[in-house]
Each structure stands twice: as structure tokens, then as C-alpha cells.
Number of protein chains: 2
Amino acid sequence: MRFPAATLQAQTHAVLLAWGLQPDCAETAAAAMIHADVAGIDSHGISMLPTYEMLRERGDLVPAARPSTVRDGTVTALLDAGGGLGHPAAMAAMRLAADKASAHGVGVVSVRNSHHFGAAGQYAAVAAERGLVGLVTTSARSVSVVPTRGALPRLSTNPIAFAAPARRSGPFLLDMSTSTVAVNKVKVYGYDDRPLPSGWVLDGDGVPVRNPHEALGILLGAGAGGLTPLGGTAELSSHKGYGLAVMVQILSATLCGATFAAAAAGDGRPVDIGHFFLAIDPAAFREDGRFEDDLDDLLDLLRATPPADPAQPVLVPGDPEATARDERLRNGVPLSGVLVGQLREICGRAGTPFLLDAAS
Amino acid sequence: MRFPAATLQAQTHAVLLAWGLQPDCAETAAAAMIHADVAGIDSHGISMLPTYEMLRERGDLVPAARPSTVRDGTVTALLDAGGGLGHPAAMAAMRLAADKASAHGVGVVSVRNSHHFGAAGQYAAVAAERGLVGLVTTSARSVSVVPTRGALPRLSTNPIAFAAPARRSGPFLLDMSTSTVAVNKVKVYGYDDRPLPSGWVLDGDGVPVRNPHEALGILLGAGAGGLTPLGGTAELSSHKGYGLAVMVQILSATLCGATFAAAAAGDGRPVDIGHFFLAIDPAAFREDGRFEDDLDDLLDLLRATPPADPAQPVLVPGDPEATARDERLRNGVPLSGVLVGQLREICGRAGTPFLLDAAS
């Protein structure tokens, strides 16, 4: 079933309002979520509503929260998301970092006491739209990634997003978890009953798990092991992905005092999430426009790399999302019947009209 | 053969002085190079002298260069290394970034027109020694890494280093190339005639090369293919390592106007290298000391992860280097006979005494 992005955004907005979000926060969050769906990042858009509902019902999420400024220096700031959804705080934080970078060359804004903020890339992209380089990282709640040599998970999929503005080309936009894959990718192999590539999931003895159902059991906590850091196995340098995941944890959470989820799980403490936003103005280093021109040349040269298989041209980060955006703005965003059913029930519980009856 | 670090540093210093480096620059570069050797990073220390000699003989390297400040803003600066060795410019740049961060919360310094600066991690560590978080990236000359789906190399091994200060523990120190492995690791497998792990090197059809001699041929340009980005194969998400390599290229070179080596190779232009230095003061975000305490807890918890194999405990980035440092400061730094022979010849050509006759 496919739906126009505007319909999905209206539905999401209505649910968030019914849950008690501030009107402007509901608007920002709904726009951010559907932005992810339109870019093809199905795992970070409207499909998160069931999780957000669960967090709200458990009392972990403070729906009516409004982000507040705790510290505001010349080129740094600290925001508190008040325990609300992360999207409004994240958007405010990146805009503030961008303001500081436009004025002084660089800005760093940190957010504590937050929740899931959706796809990290869109906040980095906000910097690029303003002619700035943007770097975004976030911590997360679920502990799924096993340190190199470890038998148990200690880290989250801790993403890094990075964007930079070009002129002819769209912006460079990298948005990646620091694990080899996300839990969702393992689920898809489970649905299809396909063996996993070796190196996505390890058991407690450090041995790759190929059976997708056994792997999902491990990821649900039924046994030792978990997702691998980028690299996969020690032989393929998973210590680098592990190191990047710790770097993201430090920037996102240690810097602002947010939780380290693995420690909180041990103590039974609630988990808050931290985010990190950096913006840099290329004009502080180069004559106006030269950065964008050089980035165009760089991206052109990468795309022109002779491919190993002529049917699969070399892409640059951001290309798959741009292609999805073109297609989905034209044809609508596909949602599974299962998800549409869940959304119908969420609307019922929230007491807000269900808008997804008529597929476009 | 093992040598005291002080002897290696005196030897390196003498060679650099004989080549015409400014005395202070020679001192900084020699200290930085031997710092890498002591930390066990053999590929980035005194073993680089033959390469530096070659660059000097070709006229690519300007030995007498002194780094100069091109732009100096409140929280950003641009240095020009004058075509000299990268170490003095890099050390000056990180110190300047740290000064700005200590004064204003964050500092970013970019260096253009530089050469190899050794191990990136030691500049990040300078920030951590001053109580700051440090991030360092650099571009490089040699084009060896194949974009995901590509048949030819377009990127360098573009490293990322990140350091953060703890209190009880040594600093967190990540220093990694964004490729799965470096060329040197493939060479070692060649010496030992061992098959390579699948995913280190791909041929022009995107197929993993296991024969180390065939792989070395490819890396020397005898055929299509090259090193893989971190992740190894597309199935194990090498697009993430590829994206990180481009991010490093943009931060290090596009931001300051240094060369993109793959483009320069096509045009026959000389290649200059760019570096990027970011320092952030945790005290801009948290009460004094809380960051360091939380980082101690984080590192403790990671090290306490139950290991898959009890004989191989879980480490954190920086642990192997700290262990090497303890051992080498006690027992001396091991150099191969081949390298010692090369150094003897270099000393002869430079007209400076050879100091490595008597192994300690």
C-alpha cells in the first residue's frame, strides 16, 4: 500500500498531538519522521510510532516536553530535551550549531535527556542546506553490539551522520550505524528464511551465526552474542567499528552526561539519550564557493569510477536516499499491511481519526 | 635488533637536520616519529625515513619549510605547512585548536600544503593531555582504496583519530585507517606466504583476492582492484567504510583546498596533503571532572565485558599502544635488519653519523 507523504505526515502529526506534544514539537517531529520515510529509511519514520507509544505508556517519554537551553556560549550550547521525543530538540540543536558556525566558523551543540530522534542524516543535511559542513551522532537505548573479542553486547548501533554542501550536485550525505547492519536487516532475512552473511551476528563464542532465527533469538537476549561492529570479524578489523561506536558514545552521551545504556541496564536505571551536533563553515577556511566547487569535482570523480559490474554503478553516500525521494514523492511511500494495521490501532487508542484507509 | 627510543630519536633528528629542516621542526618531527615507534605503530615512525628521503630527492618535499598561519579567527585557523614534513605543522595546529577550545569551548584548525604527519593518534592525544576531546583526520598521497562497487582505487587509507581524557584510566585513543587494513599488513602476509583473509583486497571484478602476491601486485598497480574500505565487502557494509573515507577526504582536504590525490594522479599535478584538527572542551558542557569520571566508568565497563575466549580479554582503543609503550620503553624498539641497513645508507647520503651500530 502506498500513501502520499503529506497524508502520512498529517496522520503522524495528529497522533503526536493527541499524545500531548506541543503543537510546534508535533509538527517538527512529524515532518522529520516522514522525511525519513520519503528518503527510503523505513526503519526511522512512521514505523517508529509503535515504539514511541510503548515508551509513552511506560512513562519513559514525556510527551509535553519542550527543549530548553541549559548553557549557551559563543560557539557551544547544551540543550535539555526534557525527556521528550528527540526530533524537536535535535532540530533546534542543529539550527543553533549552524547559527554559531555562520557567525564564528564553528558551533557545537549537545543535547541530553532526550529520546530517539529518527534518522541522524537529516540534521546533518540541515547544516549542508545552510552552506555548512555538519556532523551528527547519537547514543541509543538498546544494547545490541558486541565489542571485538566480547561475548555479550555492550554498545548500541550508535550512528554517525555527516553532510557537506556541493553546488551542481546534491549535498554529500553519509548516515550510517557503526554496526555492520541493524537489527531490522536480520529480521528481513528471518522473514525470507535466508542464511545471514557471515559476520553480521556472532554467538557468545565469537562464532558467526548464519541461521537468521537463531540470530534473532540472540538479538532478543535469548543467548550470548549480538550484532558485530562495522568490520564484522576481528580478522576484518571489527576493532575499528567498535572504536567508532565508543567514539560516538563519548561524543553523544559522555560529553553531555546522558546514560551509557549498558551501565543503566545493569543498575536498572532509566536510560536517557544524548545527541551531538557540529557545524563548520567552509568560508572560515577558503574563498567563498571554492569548497562547493571542489566537492562537486570529488563527487563526480567518485561516481565516474569504473564499476566492477557495469550494471551496478559506483554511488556516493546520499545517492540512494535521493533516488528514493524522487520515486516516493512521485509514487507515494509504501507501508506494509502489518504496519498500517498497527497505526489504525494506535489512532484508536489515541482517539484520533485514522487517515490511511484509502491507499493512493 | 632493539634500540633505546632516545637513540632512535637522536638518529632521526640528525638525519632531518642534515636534510635542512629547521632545528625546532626537526626536533618536533623526530619526537613524533619515535613516539609512533614506541607505541608499536612501526609503519609510521622511523621506517618512514626512506619515503621522506625519496620525496625530498624528487623535490616534492620542502625540507626547510616552516608552517605559517594563513588565517587566524577566534575559534578557527588555517595553517600552510609550506610543503614541509607534516609533523611540525600538525603539532602546531592541534596546539592552536586546543588553545581555542580551552578559551571558547571548541577550536578547529585546518592545514594545507603539507606532507605525511606520521600517526594521527598522537595529535588527538595532545588534546586529551590538555583535558580536551580531540579529533584528527588527514588525507594522503597514495590512492589504494576501491569505492564500494568500483573496479579501481580512488581513495587513500584516510585515517581518523579520536582521543578523550579519563581520570584513573589512560585517555581513550582511537587511531584507525578507514580501509579494512593497510598495505603493510598485506606485505606481511606476502613475506609469510599466507593466504589473505577474504575481504582485504578485491580484484577489478570485485572478487576477493586471497593470494598475497597477487594482492600486492594489484596494490602496486599491476592490475585493477585494491584495498577494501572498512567493512570489506558490500555484503558486510563496505559502503560505510567508503563513506567514512570520503568524509575524511572532505574534512582534511576539501575544507582547506588540498589535493584529491585521485584527481591529481589523472592530471599529473603534484599532491599536497591536508589535515583537520578539532578540539572540544568538556567543561563547556558539564561540571568540571564529571566527563572524566564517566569516561572511566565507560572504559571499565567495556574492559569488563565477558570475553568470547578467556585468553583474549576485551580491550579499548589505546590499550594495545599503551602496552607496547610500556614494553618498548623497557626493552627498546625492535627494528628489522633490512630497515637498519636502509638507515645506514640514508645517514651516509645525508653525511651524518650512523648511531645504530651497537644494538642495546
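Residues numbered from 1 in each chain as written. Chains lettered and ligands numbered in written order. Predicted model: local features only at pLDDT ≥ 70, side-chain atom pairs only at ≥ 80, totals over all residues. Heavy atoms only, no water.

1. Notes on the domain arrangement of chain A
All names here are of chain A. Per the domain assignment, the segments making up chain A are domain 1 (1–64 + 319–360) and domain 2 (68–180 + 228–290). Each side of the interface is counted separately: domain 1 has 18 residues, and domain 2 has 15 residues. When domain 1 packs against domain 2, close to 1,400 Å² is buried across both sides, 69% of that on carbon and sulfur atoms. In this structure, the connection of domain 1 to domain 2 is made through one salt bridge. For Asp-60, the salt bridge identified is with Arg-141, shortest N-O distance 3.2 Å. Partitioning the side of domain 1 that touches domain 2 into residue classes produces 13 nonpolar, three polar and two charged. (Domains from an automatic or database assignment. Contact = heavy atoms within 4.5 Å. Buried area = accessible area lost by both parts, 1.4 Å probe. Salt bridge = Lys/Arg side-chain N within 4 Å of Asp/Glu carboxyl O. Nonpolar A, V, L, I, M, F, W, Y, C, P; charged D, E, K, R; others polar.)

2. Regarding the relation of the copies chain B and chain A
Mapping chain B onto chain A is achieved by rotating through 180° and translating by 0.0 Å along the same axis, at an RMSD of 0.0 Å. What the rotation and shift describe, once combined, is the action of a two-fold rotation axis. Among all C-alpha atoms of chain B, that of Gly231(B) lies closest to the rotation axis, at 2.1 Å. The fraction of interface residues of chain B whose copies in chain A are also interface residues reaches 100%, indicating that both copies meet through the same surface. (Least-squares fit on C-alpha atoms with pLDDT ≥ 70 in both.)

3. Some points on the sheet that holds strand S7 (residues 172–177) of chain B
Residues and elements named next belong to chain B. If you trace the seven strands from one edge of the open sheet to the other, you get S2-S3-S4-S10-S5-S6-S7, paired in mixed fashion. At either end of the open sheet lies a strand with only one pairing partner, and these are strand S2 (68–72) and S7. Sheet twist, expressed as the average angle between the axes of neighbouring strands with direction ignored, equals 15°. Both strand S5 (residues 133–138) and strand S10 (residues 273–280) contribute to a ladder of six bridges, which runs antiparallel. Pairing of Thr-138 across the sheet is with His-275, part of S10. Strands in contact with helix H8 (residues 238–254) are strand S4 (106–114), S5, strand S6 (159–164) and S10; relative to S5, the strand with the most contacts, it is inclined by about 95°. (Pairing = 2+ DSSP bridges. Helix = DSSP H or I, 4+ residues; strand = E, 2+ residues; numbered from the N terminus. Axes fitted to C-alpha atoms, helices over the stretch in contact; angles between N-to-C directions.)

4. With respect to the pattern of salt bridges
Side-chain pairs of opposite charge can arise whenever the charged atoms involved come near each other. Taken as a whole and assessed by the stated rule, the structure comprises 33 salt bridges over all chains. A salt bridge links Arg58(B) to Asp60(B); the nearest nitrogen and oxygen atoms lie 2.8 Å apart. The exposure class assigned to Asp60(B) is partly exposed, which follows from its relative accessible area of 27%. Linked by salt bridges that have partners in common, Glu53(A), Glu345(A) and Arg349(A) make up one network. (Buried < 20%, exposed > 50% of the residue type's maximum accessible area, 1.4 Å probe, protein only.)

5. Brief notes about the nonpolar core
The biggest cluster of nonpolar side chains holds 112 residues, and the ones touching the most others in it are Phe162(A), Val186(A), Phe162(B) and Val186(B). With residues up to four places along the chain from it excluded, the contact list for Val186(A) reads Val181(A), Leu196(A), Trp200(A), Val201(A), Pro212(A), Ala215(A), Leu216(A), Leu219(A) and Leu227(A). (Core = buried A, V, L, I, M, F, W, Y, C linked by side-chain atoms within 4.5 Å.)

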